[in-house]
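The primary structure of each chain is shown beneath.
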Amino acid sequence: MNYILDSYFGFGDNIYHIPFVHKLAQQGEVFIYTPFPEMFQFPNVYCLKPVTNLKLQNENMTNNGLYSNSSGHKPNGNHLRFNYGEGFKKGLTIIQSFEKLIPLGGDWFFEFTPKPSKQAEGIAARARHSKKKLCVVRLPSVRKEWACPSRMPLMEYFQICIDFVRQNYYIVSVGDIGNQEEFTGPEPFGIDEKRDRHFVNHFGIWDVFDLLNKADLVISPQCNILPMCQILRKKSFFIYGGYVPHAPLNDPRFYQVGFVEPNPFCFCIRNGQDGHRCNKEIPQDILLSKLHETIKRQE
Ligand SMILES: [Zn+2]
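For the structure given in this document, a descriptive report is provided here. From a predicted model like this one, the values you see are computed outputs, not experimental measurements. (Residues numbered from 1 in each chain as written. Predicted model: local features only at pLDDT ≥ 70, side-chain atom pairs only at ≥ 80, totals over all residues.)

### Structural notes on the overall build of the protein chain
And then number 1: Counting its regular elements, the protein chain contains 9 helices and 12 strands.
And then number 2: Whereas a compact globule of 299 residues would reach a radius of gyration of roughly 19 Å, the protein chain reaches 19 Å, a difference of no more than 12%.
And then number 3: Each of the three principal axes of the protein chain carries a C-alpha extent, and together these read 55 × 45 × 40 Å.
And then number 4: Across the 299 residues that make up the protein chain, the buried fraction comes to 37%.
And then number 5: The long-range fraction of contacts in the protein chain, counting pairs at least 24 apart against all pairs at least 6 apart in sequence, stands at 63%. (Helix = DSSP H or I, 4+ residues; strand = E, 2+ residues; numbered from the N terminus. Rg over C-alpha atoms; globule rule 2.2 N^0.38 Å. Buried ≥ 20, exposed ≤ 12 C-beta atoms within 10 Å, placed from the backbone. Contact = placed C-beta atoms within 7 Å.)

The structure is reproduced here in structure tokens:
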């Protein structure tokens, strides 16, 4: 049986598609419309360009030679569409929702090795030179094309975490600030290298992936860095704001990352419209004890 698959367009979503595309490819040919063909380089898989206006996705598809492997192969087979929105309403995790569509039957292929980035190696070398470990940080920001301010945690917690680790870690920030994307609050002090400014020493997504691979610790809001750390089995700490909590983004088969979330958690879809303000409070002692626990955890 062959399959035609519509992927989600998010970078992180595509990471969660990997075990399922890999499974289907054991049974027949798979034609997947994805902006990120890099993730599906298995035998029997043919990647096709979807249509989207999203910036990162279009940038990755432009002049991407990996699509040419599919030329001459006409998509055919059962049409499937990934969806977790309905599953969330029923309390299913992302992986459980996808398993309803594509049963894995005990198979679990969840691996990806990012292409080595010279720029990332340069950063790792500077961290070694400073006799520190490497910590990659993403700061809370809101992107105009996919705005979700209720998802973002408070910026002040990042200053607290940076102050906690900066003696021992060389800190590098990543993101895409200035490209229709803005910080949610004043930028913290104590960052050794800022690679999150669009057009100024900016790190692209694949450089970020390799940098995470080289990092000793990652601190981030919930964003595509979460599935990147899950697949890289990376010691990492996620600070949640609201909207989607950690549980539906997790699975026992994933590497277990550290996290902290507000209590009570606001599953907010109002995004601050109508003047509503989500509860994003996390007591400082809980924040730091969870971060400490994550750092100390033995592999
Ligand atoms: Zn709310």
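### Regarding the sheet that holds strand S7 (residues 169-177)
Strand pairing in a sheet relies on backbone hydrogen bonds. The paired strands run either parallel or antiparallel.
And then number 1: Read across the sheet, 6 strands follow the order S9-S7-S5-S10-S11-S12 without closing on themselves; strand pairing throughout is parallel. Either end of the sheet is taken by a strand with one partner, and the two such strands are strand S9 (193-197) and strand S12 (258-260). With direction set aside, neighbouring strand axes in the sheet form an average angle of 15°.
And then number 2: In terms of strand pairing, strand S5 (residues 133-138) meets strand S10 (residues 217-221) through 3 bridges, oriented parallel. Across the sheet, Val-136 pairs through a bridge with Val-218, a residue of S10.
And then number 3: In the packing of helix H8 (residues 225-232) onto the sheet, contacts are made with S5, S10 and strand S11 (236-239), and the angle to S10 comes to roughly 150°.
And then number 4: Contacts from helix H9 (residues 284-296) reach S10, S11 and S12 within the one sheet, and its direction differs from that of S12 by about 175°. (Pairing = 2+ DSSP bridges. Axes fitted to C-alpha atoms, helices over the stretch in contact; angles between N-to-C directions.)

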